[in-house]
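# A look at the structure
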Amino acid sequence: MTDADELRRRTQELLAAHPPAQTDRLDFLRARFDAGLAWVHFPEGLGGLGLPRSLQAVVDAELAAAGAPGNDPRRIGIGLGMAAPTILQYGTDEQKARFLRPLWTGEEVWCQLFSEPGAGSDLAALGTRAVREGDTWTVNGQKVWTSSAHLARWAILIARTDPDVPKHRGITYFVCDMTDPGVEVRPLRQITGEAEFNEVFLTDVRIPDAHRLGETGDGWRVAQTTLNNERVAIGGMRLPREGGMIGPVARTWRERPELRTHDLHQRLLKLWVEAEVARLTGERLRQQLVAGQPGPEGAGMKLAFTRLNQEISGLEVELRGEEGLLYDDWTMRRPELVDFTGRDAGYRYLRSKGNSIEGGTSEVLLNIVAERVLGLPAEPRTDKDVAWKDLAR
């Protein structure tokens, strides 16, 4: 029996023991995790079976055919795409057992406390401080552009633990309890009218050392695992043909022939081809993940995702003419997820502007591609050997 056949057998056993139509959604997801069918490439006992990542599609197809519930990946994307692979690589056995199951089932939402008002593009310059007192760290500082902080139970957090060494070497990585009384979440209203992002103030937040990921002072290396996975999660999403932003504009083109012009046709053809190339490149990138951890190539995918979203949404607004300038709702809301295809053209156009900032600015990602993918000389950096406390701010 092949691994694929074995997975089909296990999936059918799960469905027989927990019929989707008669089983509570959360109970089904927990049973799926315990059966090793959540993410089959994870180790046994942690929601997986230690099999190749590519075989996840076998399980997903069987469950979809049976109408089984999913874990709503768009709502818990930070946990699935960033926290989970970092915990798997650097977490203790206790941390993996505590966090991975409720993370995957969606019982606990995660957010990412990385960027700061003075440390966005230069993340290693962060100033949030963590001071150890026995077995506990006391954290003070401010984070910004934090998606889903208003929903999150836990956060992945990097903080400065040693100001006397160069900036990259004095950072430590933690899991932060967002229900701590010292955590204050404030909404950041965006150009769309919503407050999907937040700023987070940390005042004497107490984090047990048992919630530290990796060694003290090694947080930058741990964070690279998170950031590489984040870029793959953003830029390398699995999509069908005409999935994502190209879908709505292609449908409008087919359904509204009175809007067509020769120039718009040429631009749409070019963007359709580029979107398909990006989709297939994303498939290849996910296949490369089977062999190991994501590398800097994810930066290139995220760059392509950003440019395409902005160009496609701009074309859609132009195609729709006057109606493309309309906007459906300026209500101040704090949404649970970003829905690019469920809103109107105006929303897509405005929201896509943030793509070149979130998950690493396009300028930073261009440097990563240049230096770590193409092997070009690095930009001169005069602060590499200067203690963080001596840097100009």
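Now for a look at the structure at hand. Keep in mind that what you see is a predicted model, and the values were worked out from it rather than measured.

The next subject is the pattern of salt bridges. Side chains that differ in charge, positive against negative, can pair when their charged atoms come close. Across all of its chains, the model carries 41 salt bridges by this definition. Across the salt bridge formed by D209 and R132, the nearest N and O atoms sit 3.3 Å from each other. Highlighted residues: D209 in the loop between β7 (197-208) and β8 (212-213) and R132 in strand β2 (residues 129-133), separated in sequence by 77 residues. Among the residues examined, R132 registers a relative accessible area of 39% and is labelled partly exposed. A salt bridge links E274 to K270; the shortest N-O distance between them is 2.8 Å.

Moving on, we come to the packing of helix α2 (residues 25-34) against helix α5 (residues 93-105). It is the contact of α2 with α5, at a shortest axis distance of 9 Å, that shows an interaxial angle of 130°. Between α2 and α5, the angle falls in the class oblique. The chirality of how α2 crosses α5 is right-handed. The residues of α5 that touch α2, namely those facing L26, L29, R30, R32, F33 and D34, are L100, R101, W104 and T105. Looking at the contact of α2 with α5 residue by residue, the classes come out as five nonpolar, one polar and four charged.

Now for the nonpolar core. One finds W39, L100, W110, F114, I158 and Y173 to be the most contacted residues of the largest nonpolar core, which totals 32 residues. Looking at this core, the elements that each hand over two or more residues are α2, α4 (77-90), α5, β4 (154-160), β5 (171-177) and α6 (219-235). For this core, the leading source of residues is α4, giving six residues. In this view, F114 contacts L123, K143, I156, L157, I158, Y173, A223, T226 and L227; residues no more than four positions away in its chain are not counted.

Attention now moves to unusual backbone geometry. Backbone geometry at S148 places phi at a positive 65°, although glycine is not the residue there. Note on placement: S148 falls in the loop between β3 (136-143) and β4. Residue D204 is not a glycine yet carries a positive backbone phi of 50°. Residue placement: D204 occurs in strand β7.

Our next topic: the packing of aromatic side chains. Counted under the stated rule, the structure contains 10 aromatic pairs. A ring pair is formed by F99 and W110, whose centres lie 5.4 Å apart and whose planes are at 85°; its orientation type is edge-to-face. On the criterion of sequence distance, the pair formed by F99 in helix α5 and W110 in strand β1 (residues 110-113) is long-range, its members being 11 residues apart. Pair check on accessibility: F99 and W110 agree, each one buried. Judged by centre distance (5.1 Å) and plane angle (75°), the ring pair of F99 and W154 falls under edge-to-face. Here F99 is found in helix α5, whereas its partner W154 is found in strand β4, with 55 residues between them in sequence.

The first and last C-alpha atoms of α4 sit 19 Å apart over 14 residues, in line with the 20 Å expected at 1.5 Å per residue. Along its length, α4 shows its largest kink, about 40°, at A83, and proline P85 lies within four residues downstream of that point. The buried count for α4 comes to 10 of 14 residues, which makes it a mostly enclosed element. Considered for burial, the residues of α4 that qualify are I78, G79, G81, M82, A83, A84, P85, T86, I87 and Y90.

Two strands pair when backbone bridges link them, and β3 and β7 are joined in this way by seven bridges, in the antiparallel orientation. By the bridge assignment, T136 is partnered in β7 with P208. As paired elements, strand β6 (residues 183-188) and β7 share six bridges and run antiparallel to each other. Pairing of E184 across the sheet is with F201, part of β7.

About the cut-offs
- Residues numbered from 1 in each chain as written.
- Predicted model: local features only at pLDDT ≥ 70, side-chain atom pairs only at ≥ 80, totals over all residues.
- Heavy atoms only, no water.
- Salt bridge = Lys/Arg side-chain N within 4 Å of Asp/Glu carboxyl O.
- Helix = DSSP H or I, 4+ residues; strand = E, 2+ residues; numbered from the N terminus.
- Buried < 20%, exposed > 50% of the residue type's maximum accessible area, 1.4 Å probe, protein only.
- Axes fitted to C-alpha atoms, helices over the stretch in contact; angles between N-to-C directions.
- Parallel < 35°, antiparallel > 145°, perpendicular 65-115°, else oblique.
- Left-handed = near helix turned anticlockwise from the far one by under 90°.
- Contact = heavy atoms within 4.5 Å.
- Nonpolar A, V, L, I, M, F, W, Y, C, P; charged D, E, K, R; others polar.
- Core = buried A, V, L, I, M, F, W, Y, C linked by side-chain atoms within 4.5 Å.
- Phe/Tyr/Trp six-rings, centres within 6.5 Å; stacked < 30°, edge-to-face > 60°.
- Expected span 1.5 Å × (residues − 1).
- Bend = angle between axes of the 7 residues up to and from the residue.
- Pairing = 2+ DSSP bridges.

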